[in-house]
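The residues making up each chain are set out below.
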Amino acid sequence: MTHSYDVAVIGAGIAGSVMAKSLADHGWNTVLFDRKAFPRHKVCGEFLSPESLTMLKKLGLREAVASLKPCTILRTSLILSRGKPLQITLPGTAWGVSRFQLDAVLHHAALRSGVQVQTETTVTSVKPSEQGYLIETKQHGDVHAYQVRAVIAACGGTGLPPFHNQHTSDVRSTQAAHLGVKSHYEGVDMGGVVELYFFEGGYLGLSPIEDGRVNLAALLERGKFPHAEKSILGLIEAACARHGKLSERLSTAQPVPGTQVAVAPVKLTRKPMAWYEMPCLGDAAMMLPPLCGDGMSMALRSAALCAPLASRYLKGDITLVEWEQAYTQAIHREFKGPLMWGHLLQGMLTVPYLPRMMFAAARYTPRLADKFVRATRLNEAEF
Ligand SMILES: Cc1cc2nc3c(=O)[nH]c(=O)nc-3n(C[C@H](O)[C@H](O)[C@H](O)COP(=O)(O)OP(=O)(O)OC[C@H]3O[C@@H](n4cnc5c(N)ncnc54)[C@H](O)[C@@H]3O)c2cc1C
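Everything quoted here is computed from the prediction, not taken from an experiment. Along each chain, residue indices are assigned from 1 in the same order as the chain's sequence is written. With pLDDT at 70 or above as the cut-off, local features in this predicted model cover only qualifying residues; side-chain atom pairs require 80 or more to be listed or tallied, and sums for whole chains, interfaces and linings still use all residues.

A.B. asks: With reference to specific residues and values, describe the nonpolar core.
C.D. replies: The biggest cluster of nonpolar side chains holds 106 residues, and the ones touching the most others in it are V7, A8, M19, I152 and L281. Secondary structure counts use DSSP, requiring at least four H or I residues in a row for a helix and at least two E residues in a row for a strand, with both numbered from the N terminus. Looking at this core element by element, the count peaks at 11 residues for helix α7 (residues 295–315). Placing C-beta atoms from the backbone, we regard two residues as in contact once those atoms come within 7 Å. For L281, the contacting residues outside a window of four places in its chain are A15, G16, M19, I152, A153, A154, A299, S302, A303 and C306. Remark: nonpolar core denotes a set of buried Ala, Val, Leu, Ile, Met, Phe, Trp, Tyr and Cys residues whose joining runs through C-beta atoms within 7 Å. In this scheme the burial state of a residue depends on its C-beta neighbours within 10 Å: 20 or more other such atoms mean buried, 12 or fewer mean exposed, and anything in between means partly exposed; the C-beta positions come from the backbone.

Here it is, written out as structure tokens:
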């Protein structure tokens, strides 16, 4: 039996859940797929930037997220193994909240708007058909077919589902790939500050989240940890061993069982791609270096840009080509600057000795440092 919907969204992370909700709010019969069972832990710094909070407010979701009692964050502290930390006041209030809770809240919002949410369902192929697209999924070993008029890829940064038998993950070039790891901890007192530690082969962020816990997320160069123990906590210990202040910071910390996850490869240098046979949202479209802490706001913004165009296409007001052109232009216009500055910052902070000079310069010219940080952010006035 083939199921029929107006539109399918592949991936129920931040971008996909919000996109599906928005389409259902426009009155479209929407199905949302994700291969994982929810709630689930996910590799992420779990820092919702001030820009993310603005987007959540615009999308009518801020109150729902506030109900999770996120931790309020006002500052960030960049810490090298030697010298004083560099303190940066954020351009507004940020929140720390786990992806375990956040993604579940967004799913509930999508469900309440009438979205059919299909978890533990992997999209295995997307093929063009006379009425739009034929999608095949696998759920607990069973194959299902869906006929839809439009399809949207919000499947994160690890590869798109095969389109018309092409291996879509191959179209996105990459250089040195990274590995992301995360774990929640108890027993670390942080206040409203996010701490970022830099060391040979990567960096690690500590962010306070709900329930007095702290989220640890690290991005590690795979080749620089060849002898590290293969467990997630083993890799975290190996990272801590490279930064005395970080080891000290975590000396009283207790990992929360069941919260450890890893992701690989994280392809930081992947070319941005707003459209590949279908619109791509969030990390499927572009990868902002995680140290900018703004990937979730980009995911939210891309969904907010795409949803009205998708709705116009489904109504018959614009063609698929017009949708592609308008969406691609919008992504280029809004994300080009933050992506360029974000990659520059990532490159500069991971070169030996350069961060120390940058920190010294930032202390003497704090306005310049502020300007640099702002250049990596989305421009709220534009939306
Ligand atoms: C180490 C690290 C730290 C980070 N820290 C922060 C931070 O502090 N703040 C911030 O804003 N951003 C941060 N980010 C970035 C942020 O996590 C991402 O930008 C954000 O999750 C992107 O959301 P998304 O919806 O595009 O993708 P995701 O949240 O990755 O969701 C994609 C979903 O698609 C599903 N999927 C994939 N393929 C299929 C398929 N074939 N069929 C069905 N389902 C599929 C996956 O299971 C997944 O649930 C960090 C990233 C990393 C790696």
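A.B. asks: Lay out the packing of helix α1 (residues 14–25) against helix α4 (residues 99–112) with the relevant residues and their values.
C.D. replies: As a packed pair, α1 and α4 sit with axes 9 Å apart at the nearest point and diverge in direction by 15°. By the angle class used here, α1 and α4 are roughly parallel. Regarding α1 and α4, the two cross each other, and that crossing is left-handed. Note on element contacts: α4 touches α1 through D103, L106, H107, A109 and A110, opposite I14, S17, V18, A20, K21 and A24. Classifying every residue of the contact of α1 with α4 by side-chain character gives seven nonpolar, two polar and two charged. Orientation is described by axes fitted as lines to C-alpha atoms, over the contacting stretch for helices, and by angles from 0 to 180 degrees between their N-to-C directions. Any angle from 65 to 115 degrees is called roughly perpendicular, while one under 35 is roughly parallel, one over 145 is roughly antiparallel, and all others are oblique. Whether a crossing is left-handed or right-handed is set by the direction in which the near helix is turned from the far one by less than a right angle, anticlockwise for left-handed and clockwise for right-handed. For this classification, the nonpolar set comprises Ala, Val, Leu, Ile, Met, Phe, Trp, Tyr, Cys and Pro, the charged set comprises Asp, Glu, Lys and Arg, and every other residue, Gly included, is treated as polar.

A.B. asks: Tell me about the sheet that holds strand β9 (residues 142–153), residues and numbers included.
C.D. replies: With mixed pairing, the six strands of this open sheet are ordered in space as β6-β2-β1-β9-β8-β7. Each of the sheet's edge strands pairs with one partner strand only, and the pair in question is β6 (116–118) and β7 (121–129). Here the average twist between neighbouring strands, direction ignored, is 40°. Pairing of strand β8 (residues 132–139) with β9 involves seven bridges; the strand directions are antiparallel. A pair of strands is considered paired only if DSSP assigns at least 2 bridges between the two.

A.B. asks: Outline α7, listing residues and values.
C.D. replies: An α-helix turns once every 3.6 residues. As a result, residues three or four positions apart point the same way. Look at α7: 30 Å from first C-alpha to last across 21 residues, which is about the 30 Å you get at 1.5 Å a residue. For α7, the tally of buried residues reaches 16 of 21 residues, placing the bulk of the element in the interior. After α7 finishes, the residue G316 shows a positive phi value of roughly 90°. A helix is expected to span 1.5 Å for every residue after the first.

A.B. asks: I'd love a proper account of the environment of D34, names of residues and values included.
C.D. replies: Take D34: it is sitting in the loop between β2 (30–33) and β3 (47–48). When the 26 C-beta atoms within 10 Å are taken as the criterion, D34 is described as buried. Note: C-alpha distance between D34 and E210 (176 residues apart in sequence) is 25 Å.

A.B. asks: Please provide a residue-by-residue account of the environment of A253, values included.
C.D. replies: With respect to the element layout, A253 can be found in the loop between α6 (244–249) and β14 (254–255). Note: C-alpha distance between A253 and E186 (67 residues apart in sequence) is 5.7 Å. If we skip the residues at most four places from it in the chain, A253 touches Y185, G187 and V188.

A.B. asks: Lay out the site of the ligand in plain terms, naming residues and giving numbers.
C.D. replies: We count a residue as near a molecule or strand when its backbone-placed C-beta atom lies within 6 Å of that partner. Among the 38 residues in the neighbourhood of the ligand, the closest are listed as G11, G13, G45, G282 and G295. For the shell around the ligand, the secondary-structure elements that each account for two or more residues are α1, β7, β13 (214–221) and α7. Ranked by residues supplied to the shell around the ligand, first place goes to α7 with four residues. Looking at side-chain class alone, the shell around the ligand contains 19 nonpolar, 13 polar and six charged residues.

Scope: geometric values only; no functional claims are made or implied.
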